[in-house]
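Listed below are the residues making up each chain.
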Amino acid sequence: MEKQEFTQEANYLQSYLLARRQFKKIINNFDSKKFKENFDELFFDDSNFKLFLKDRNDIICGALGYVYEKRVFMDIFFWNYDLNDYNMHTVRVFFEKFFSKTRDMGLMEAILPLDENREKFASFKKHNQIFFRSTEEFKTDDRLINKLYDHQYLLKVNYEHYFNQSK
């Protein structure tokens, strides 16, 4: 990761096209209009959080999150398969940076929405529970959150627990 850098700035079109192509492959009944609306809101609204890992001008991966009540809902994570094969070590480093930066903002946890309409959902859910060291599902009575994340399993990653497990 010598020449790679973390940044909150990235080319919109490159980010959007990478994310859309990836989500189109893995989400059953992918709705490109809804995806673009969500992507645009997350990308351009400064109250939300985004982070990219870049190698010179190329995006390796990126994540966009919706900040709400001391949590970040990580709606979009994408990997640039054109540039590199998927690398779990790089992904781990990326998420730890994402978690650290949002914790520094005063957030206490990340919520990872796992789309139940995704190809191979059960194995994807299990993989994420192992990778993020959490089996806790985020539950709420908040109507906005329940509406936004209908048909999503919300994996809760408490930062204190996650970083204590990382030691």
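Just so it is clear, the model here is predicted, and its values are computed rather than measured.

Peer 1: Before we go on, may I ask you to explain the environment of Lys36 in this structure?
Peer 2: Note that Lys36 resides in helix 2 (residues 32-44). As a C-alpha pair, Lys36 and Glu109 span 73 residues in sequence and 26 Å in three-dimensional space. In this structure Lys36 touches Tyr12 and Tyr16, once residues within four positions along its chain are discounted. In terms of polar contacts, Lys36 uses its side chain to reach the side chain of Tyr12, at 3.1 Å.

Peer 1: Help me out: how do you make sense of the environment of Asp75 in this one?
Peer 2: With respect to the element layout, Asp75 can be found in strand 4 (residues 71-79). Taking relative accessible area as the criterion, Asp75 reaches 15% and is therefore assigned buried. Those residues in contact with Asp75 that sit more than four places away from it in its chain are Phe23, Asn38, Leu42, Leu64, Gly65, Tyr66, Pro113 and Tyr149. Among the polar contacts made by the side chain of Asp75, one reaches the side chain of Tyr149 at a distance of 2.6 Å.

Peer 1: Before we go on, may I ask you to explain the environment of Asn28 in this structure?
Peer 2: Relative to the helices and strands, Asn28 is located in the loop between helix 1 (12-26) and helix 2. Residue class for Asn28 comes out partly exposed when judged on its relative accessible area of 32%. Expressed as a C-alpha distance, the spacing of Asn28 and Asp115, which sit 87 residues apart in the sequence, is 9.4 Å. Sequence-distant contacts of Asn28, that is, excluding residues within four places in its chain, are made with Asn117, Arg118 and Glu119. A distance of 2.9 Å separates the side chain of Asn28 from the backbone oxygen of Asn117, its partner in a polar contact.

What counts as what
- Residues numbered from 1 in each chain as written.
- Predicted model: local features only at pLDDT ≥ 70, side-chain atom pairs only at ≥ 80, totals over all residues.
- Heavy atoms only, no water.
- Helix = DSSP H or I, 4+ residues; strand = E, 2+ residues; numbered from the N terminus.
- Contact = heavy atoms within 4.5 Å.
- Polar contact = N/O pair within 3.5 Å; in protein donor to acceptor, adjacent residues only side chain to side chain.
- Buried < 20%, exposed > 50% of the residue type's maximum accessible area, 1.4 Å probe, protein only.

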